[in-house]
Amino acid sequence: MESMFSASKRKLLIEVAWEVCNQVGGIYTVIRSKVPSMVEKWDTDYILLGPYFPQRAAVEFEPITHDDGTEIGRVVLNMRSRGLDVQYGHWLITGKPRVVLFGIASLGPAIEQVKYQLWERHQISTLGVEDLVNQVVGFGELVRIFLTELAAESAKHVDIVVHFHEWMASSGLPDLRKDNVKVATVFTTHATMLGRYLAQNESGFYGKLPFFDWQREAKHYNIEAQATIERLSAQLSHVFTTVSDVTARECEVFLGRVPDLILPNGLNIVRFTAVHEFQNLHVKFKERIHEFIMGHFFQSYSFDLEKTLYFFTSGRFEFSNKGYDITLEALARLNWKMREANMDMTVVMFMITKQPFKSINPDVLHSRALLDEIQETCKAIENQLGDKLFLNAASGEDINLPDLNQFVDEYWRLRLRRTIQSFKTKQLPPFVTHDLVEEDDMVRFIRQVQLVNNAHDRVKVVYHPDFISSTNPLFGLDYGQFVRGCHLGVFPSYYEPWGYTPLECVVRGIPTVTSDLSGFGDFIMQIMRDYENRGIYVVNRKTQTFNEAADQLANILFRFVRLSQRDRITQRNRVENIAEVFDWTNLRSYYDTAHDLALKRRKP
Ligand code: UDP
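Residues numbered from 1 in each chain as written. Predicted model: local features only at pLDDT ≥ 70, side-chain atom pairs only at ≥ 80, totals over all residues. Heavy atoms only, no water.

Novice: Could you give me a rundown of the overall build of the protein, with the residues and numbers involved?
Specialist: Along its length, the protein carries 23 helices and 17 strands. Overall, the protein is about 95 × 55 × 45 Å in size when its C-alpha atoms are taken along their principal axes. Per-residue burial over the protein gives 56% buried out of 604 residues. Partitioning the intrachain contacts of the protein with sequence separation of at least 6 by distance along the chain shows that 74% fall at a separation of at least 24. A total of about 26500 Å² of accessible surface is found on the protein, and carbon and sulfur atoms cover 50% of it. Side-chain charges of the protein comprise 68 positive and 75 negative groups, with the mean position of each set lying 3 Å from the other. (Helix = DSSP H or I, 4+ residues; strand = E, 2+ residues; numbered from the N terminus. Buried < 20%, exposed > 50% of the residue type's maximum accessible area, 1.4 Å probe, protein only. Contact = heavy atoms within 4.5 Å. Areas by Shrake-Rupley, 256 points an atom, 1.4 Å probe, with all protein chains shown as cover. Lys, Arg positive; Asp, Glu negative; His and termini not counted. Charge placed at Lys NZ, Arg CZ, Asp CG, Glu CD.)

What follows is the structure, given as structure tokens:
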């Protein structure tokens, strides 16, 4: 029950994150997609704090230029009068919330004092840290100053809840608590620093998890400052949360506190009113992928596009964490199964990630260009033929279809022949689309499992070491459109605190593979019984060996390949039907609970 005191007061919710108006990775998606439903509940009593990077902010931030008479506005003016760079305005996204952004450099040499205090008061050592940590510490300090002044000015008549996301937002939190600043605090970690490093580098990570010594490991990986800020934030906040049960177990070991609550991630879901609209989009964007495939493969050999399925995986280049290894292994087994079964289907697997590259492979670009030329030539022939045939039909006596060759000029016939000739090659279609700066694990593994696009392979691989954007000349699709054009998303992660990529498939009506070690997979298993029936396949990586899990995945893929088109359409409908569950208007309630609890704990 809420105390009488707080029930009578207005409430203000402030969310703090490094990725407010500053897209780096997944947290941006969390915050941004959640805004509309936060604004729905909190209206103007919802404010976000972030760092100020002028170039990034330019496109999504609109300053408030007048004195708006609010408590936030007053604190902003106060801080500015002391020479601090504090930007105040609206974030230009759906919901248009107010944001305050801090120019970190304006702290000047005072940053050294801040770092000294972190050591003096909390034993957080920031000696010799990378520049990002310095920036984060500066940001944390400006947030601390802001909140301290805001509380001093308005805590009498407003209950303030501050929600920090990640250690990158919370280096000021320990001081806020020590100084007893009158704000209720929630800290959410979206992963643990140590978990990410150790899962990648220690084999048998989960078995060893209970026995890691956080301090020793932090020292070993040279992330003591980060890990300590994370740990203190977890321990000192009124309410500590994370995004999945999977990550909660790490929190216990690395951060020394069991999370009070799990706050699963959602999306702002806009569903089509006409049920079949998303199915039409699948067809439309699949056509675009077909065009890429023709350019990429057909110069070497061709296959039936009507009997081709597009699978994809995507994410940062964390080779084993993201399960790229097990995916390739399973694909090799799938290839063998399909050949054994004499299937005439083709699977094309896209591996989409980000690695340093010099440029798109010129041959890949060239064949794409040649295909476009063939298409143009065909169009020209079609026009000429159409006109002449029409004239002939209208004026002639013969009612039979004449020999059509006579209607095409020698020029076009030759040009078509030449283009086709230069298009055809004896080389195999490359399995990587770009010239990489150096050969990486993906390339090595693809070679090792021999998925090198031989004509007889039923499974083809296209490794695209860059994220997909609409300006990309190979696809001309943005990421969301690309997802829609595919048939299946494959994400059997080994380490994945949440994992938006399978969820992004679900809301677009695309079936997906996830794993029980990913936050999303774990969550779906908890809330749904018949998830597999609905097109969400969960690979058991918790208790199976790599080999067993690869087998399970290969079987899942093989079953999927054997579905009829009608089955696939039905399945897409079923998947898309789940979307609602992950709408923030439903999942916001977890956040509401955290905020209520924090207020209660601050003033029991
Ligand atoms: N993504 C993208 N373009 C791409 C591939 C991926 O924008 O070509 C995005 C994808 O939409 C997702 C994010 O990258 O939102 C990856 O988030 P996820 O939670 O899967 O992994 P994390 O980055 O948190 O490890």
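Novice: A description of the pattern of salt bridges should follow, citing residues and the corresponding values.
Specialist: The tally for this structure, following the rule as stated, stands at 32 salt bridges. For the salt bridge of E202 with K208, the shortest nitrogen-to-oxygen distance reads 2.9 Å. By relative accessible area, which is 24% here, E202 ends up partly exposed. A salt bridge links K307 to D344; its shortest N-O distance comes to 2.6 Å. Here K307 is found in the loop between α13 (277-297) and β10 (308-314), whereas its partner D344 is found in the loop between α14 (324-340) and β11 (346-352), with 37 residues between them in sequence. By relative accessible area, D344 is classed as partly exposed at 46%. Within the structure, one salt-bridge network assembled from shared partners comprises K9, D159 and K603. (Salt bridge = Lys/Arg side-chain N within 4 Å of Asp/Glu carboxyl O.)

Novice: How would you summarise the site of the ligand if you had to cite specific residues and measurements?
Specialist: Near the ligand the following residues occur: S314, R316, K322, I352, F467, I468, Y479, E496, G499, Y500, T501 and E504. Taking K322, its side chain carries an N or O atom lying 2.8 Å from an oxygen atom of the ligand. Between the ligand and Y500 there is a distance of 2.7 Å, counted from an oxygen atom to a backbone nitrogen or oxygen. Starting from 540 Å² of accessible surface for the ligand in isolation, the protein chains cover 83%. Ranked by residues supplied to the shell around the ligand, first place goes to helix α19 (residues 500-506) with 3 residues. (Near = heavy atom within 4 Å. Polar contact = N/O pair within 3.5 Å; in protein donor to acceptor, adjacent residues only side chain to side chain.)

Novice: Describe in detail the sheet that holds strand β8 (residues 239-242), supporting the description with residues and values.
Specialist: Read from one edge of the open sheet, 9 strands run β3-β4-β5-β2-β1-β6-β7-β8-β9, paired in mixed fashion. At either end of the open sheet lies a strand with only one pairing partner, and these are β3 (61-63) and β9 (261-262). As defined by bridge partners, β3 adjoins strand β4 (residues 85-91) across 3 bridges and the pair is classed as antiparallel. From the neighbouring strand, P63 faces β4, where its bridge partner is G89. Packed onto the sheet, helix α2 (residues 26-42) meets β1 (10-16), β2 (46-51), β4 and β6 (158-165) and runs at close to 160° relative to β2. Running at roughly 170° to β6, helix α6 (residues 131-154) makes contact with β1, β2, β5 (98-103) and β6 of the sheet. (Pairing = 2+ DSSP bridges. Axes fitted to C-alpha atoms, helices over the stretch in contact; angles between N-to-C directions.)

Novice: Describe the domain arrangement of the protein, naming the residues involved and giving the relevant values.
Specialist: The assigned domain composition of the protein is domain 1 (10-268 + 587-602), domain 2 (276-361 + 430-582) and domain 3 (363-393 + 405-420). For domain 1 and domain 3, the distance between their C-alpha centres works out to 60 Å. (Domains from an automatic or database assignment.)

Novice: Provide a residue-level description of the pairing of strand β17 (residues 536-539), including the pertinent values.
Specialist: Taking every second residue as pointing to the same face, both faces of β17 are buried, with I536 and V538 on one and Y537 and V539 on the other. For strand β16 (residues 512-515) and β17, the ladder comprises 4 bridges, and the chain directions are parallel. Paired with S515 across the strands is V539, a residue of β17. Considered for its hand, the β-α-β crossover made up of β16, helix α20 (residues 519-527) and β17 is right-handed. (Right-handed = clockwise from strand over helix to strand, strands pointing away.)

Novice: Give a detailed account of unusual backbone geometry, specifying residues and quantitative values.
Specialist: Here the phi dihedral of N180 falls at roughly 55°; this positive angle occurs in a residue that is not glycine. You can see N180 is positioned in the loop between α7 (173-178) and β7 (184-189). Residue classification places N180 among the partly exposed positions, given a relative accessible area of 48%. Non-glycine residue Q450 carries a positive phi angle of around 60°. Mapped onto the secondary structure, Q450 falls in the loop between α17 (441-448) and β14 (459-464).

Novice: I'd love a proper account of the packing of aromatic side chains, names of residues and values included.
Specialist: Here a ring pair, both rings aromatic, is described through the centre-centre distance and the interplanar angle of the planes. Scanning all chains against the criterion turns up 36 aromatic pairs. Relative to F53, the ring of W18 lies with its centre 5.6 Å away and its plane at 70°, an arrangement referred to as edge-to-face. Taken as a pair, W18 in the loop between β1 and α2 and F53 in the loop between β2 and α3 (54-60) lie far apart in primary sequence, 35 residues in all. Judged by centre distance (4.9 Å) and plane angle (70°), the ring pair of F205 and Y206 falls under edge-to-face. Grouped by ring-pair contacts, the aromatic residues F292, Y310, F312, F350, F475, Y479, F482 and F491 constitute a single cluster. (Phe/Tyr/Trp six-rings, centres within 6.5 Å; stacked < 30°, edge-to-face > 60°.)

Novice: Explain the pairing of β1 to me, using residue names and the numbers behind them.
Specialist: Along a regular strand, successive side chains alternate from one face of the sheet to the other. Within β1, 5 of the 7 residues are buried, leaving the element largely enclosed by the surrounding structure. As paired strands, β1 and β6 are joined by 7 bridges and run parallel to one another. By the bridge assignment, R10 is partnered in β6 with V158. Note on the crossover from β1 through α2 to β2: the handedness is right-handed.

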